[in-house]
Amino acid sequence: MIRTPNIFLSFICISIMILSCNKDDDKTQEVQDIYEGCCSTEPVFGANIDNLDQSAGDIEVYTIVTQNGDGFNDMFAIKNITLYPNHTVTIYNSDNEQIYESTNYAEDLNRFPGYPQDENNGAVSIPNGTYKYKIVIENEETFRKSGSFCVYTWADPEPSFVGCNLGSEFDPIIAFPPN
């Protein structure tokens, strides 16, 4: 009889140790990929609305920014946005905090992530990761397009760029091509 409680207590202690170790393992697996969803084609701020006569040119968003100053995908690009002067482009970080807005996205100095750049040619205080955009032309009932895009430099482990719209070609300075 004396041995049974000791065995039972030992069993309980070992079980608690195993369960607590598993909880620690679960916490390390919860680390979020900063590029998760970065080139998703899904709208992030409600359904996209297109009641705009786009006969002047379709609005196309390029979903990767490699901010290293080499002229390839250095800025967040929106094809044909200059054809629609009554527009607003808003950029949000992964916490849905607005970090940028422009009503004149046509000019080089008004593009995200903008300047100045740091010693590694990256935009100052714009870390790698997933960002969200919203484009409104005239008003949200006329044209609204939202989605996500990647900001990436070679200093980060290689993410998957499956589904990203690169515009022209992948940045040749970065060592690894898109998947």
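None of the values given here were measured: they were computed from a predicted structure.

Cut-offs used in this document
- Residues numbered from 1 in each chain as written.
- Predicted model: local features only at pLDDT ≥ 70, side-chain atom pairs only at ≥ 80, totals over all residues.
- Heavy atoms only, no water.
- Core = buried A, V, L, I, M, F, W, Y, C linked by side-chain atoms within 4.5 Å.
- Buried < 20%, exposed > 50% of the residue type's maximum accessible area, 1.4 Å probe, protein only.
- Helix = DSSP H or I, 4+ residues; strand = E, 2+ residues; numbered from the N terminus.
- Contact = heavy atoms within 4.5 Å.
- Salt bridge = Lys/Arg side-chain N within 4 Å of Asp/Glu carboxyl O.
- 1 Å grid on protein atoms, 1.4 Å probe; cavity = no way out; pocket = protein on both sides within 12 Å on 5 of 7 lines; lining within 4 Å.
- Points joined across faces, edges and corners; volume = space filled by probe spheres on them.
- Nonpolar A, V, L, I, M, F, W, Y, C, P; charged D, E, K, R; others polar.
- Pairing = 2+ DSSP bridges.
- pLDDT = per-residue confidence, 0-100.

Colleague: Honestly, the nonpolar core in this entry has me stumped. Any pointers?
Modeller: Here is a general trend for soluble globular proteins: nonpolar side chains tend to be buried in one another's company. One finds Phe76, Ile78, Ile91, Phe112, Ile135 and Phe149 to be the most contacted residues of the largest nonpolar core, which totals 21 residues. Sorting the residues of this core by element identifies strand 5 (87–92), strand 7 (129–137) and strand 8 (143–151) as the ones contributing at least two each. When residues in this core are grouped by element, the largest group, four residues, is from strand 7. When residues no more than four places from it in sequence are discounted, the contact partners of Phe112 are Met75, Phe76, Ile91, Ile99, Tyr100, Tyr105, Ile126, Tyr131, Phe149 and Val151.

Colleague: Which parts of the structure should I look at to understand the pattern of salt bridges?
Modeller: It is possible for side chains of opposite charge to pair when their charged atoms get near one another. Counted by the stated rule, this structure contains two salt bridges. For Lys134, the salt bridge identified is with Glu140, shortest N-O distance 3.1 Å. Linking Glu140 and Arg144 is a salt bridge whose minimum nitrogen-to-oxygen distance equals 2.6 Å. Classification of Glu140 as partly exposed rests on a relative accessible area of 27%. Here the salt bridges do not stand alone but share partners, grouping Lys134, Glu140 and Arg144 into one network.

Colleague: Would you mind showing me how to read the layout of surface pockets here?
Modeller: It is the rolling of a water-molecule-sized probe over the atoms that shows where space remains empty. Considering only enclosed or pocket space, the second largest pocket measures out at about 160 Å³ in volume. Breaking the lining of the second largest pocket down by element, the ones donating at least two residues are strand 2 (60–61) and strand 8. Among the elements that make up the lining of the second largest pocket, the one with the highest residue count is strand 8 (three residues). By residue class, the composition of the lining of the second largest pocket is three nonpolar, eight polar and three charged.

Colleague: Sorry if this is basic, but what is going on with the pairing of strand 7 here?
Modeller: Both faces of the sheet carry side chains from a regular strand, because those side chains alternate between them. The element strand 7 is extensively covered by neighbouring structure, given that nine of its nine residues are classed as buried. Both strand 5 and strand 7 contribute to a ladder of six bridges, which runs antiparallel. Note on strand 7: the bridge partner recorded for Ile91 is Tyr133. Examined bridge by bridge, strand 7 and strand 8 share nine bridges and lie antiparallel to one another. Bridge assignment links Tyr133 to a residue of strand 8, and that residue is Gly147. Where strand 7 hands over to strand 8, the hairpin turn is made up of five residues, of which Glu138 adopts a positive phi near 70°.

Colleague: What's the story with the confidence of the model for the protein chain in this structure? I'm lost.
Modeller: Summarising the model, the protein chain shows a mean pLDDT of 74, and 61% of its residues fall at 70 or more. Here helix 1 (residues 3–29) stands out as the least confident element of the protein chain, with mean pLDDT 49; strand 1 (residues 49–50) is the most confident, with 95. Contacts for the low-pLDDT stretch residues 13–31, under 50 throughout, to residues beyond four places or in other chains number zero contacts. For residues 175–179, every residue scores under 50 in pLDDT, and the model assigns this stretch 14 contacts once sequence neighbours within four places are set aside.

Colleague: It is not clear to me how the pairing of strand 8 should be interpreted in this structure. Could you clarify?
Modeller: Within strand 8, eight of the nine residues are buried, which leaves the element mostly enclosed by the surrounding structure. Of the strand pairs in this sheet, strand 1 and strand 8 are connected by two bridges, and their pairing is antiparallel. Bridge pairing links Asp50 to Phe143 in strand 8. Pairing of strand 3 (residues 64–65) with strand 8 involves two bridges; the strand directions are parallel. Along strand 8, the bridge assignment pairs Val65 with Val151.

Colleague: Just to check I follow, could you spell out the environment of Phe143 for this structure?
Modeller: On the secondary structure map, Phe143 appears in strand 8. Linking Phe143 and Asp53, residues 90 residues apart in sequence, is a C-alpha distance of 9.5 Å. Dropping the residues within four chain positions of it, Phe143 is found in contact with Ile49, Asp50, Leu52, Gln54, Ile59, Ile135, Val136 and Ile137.

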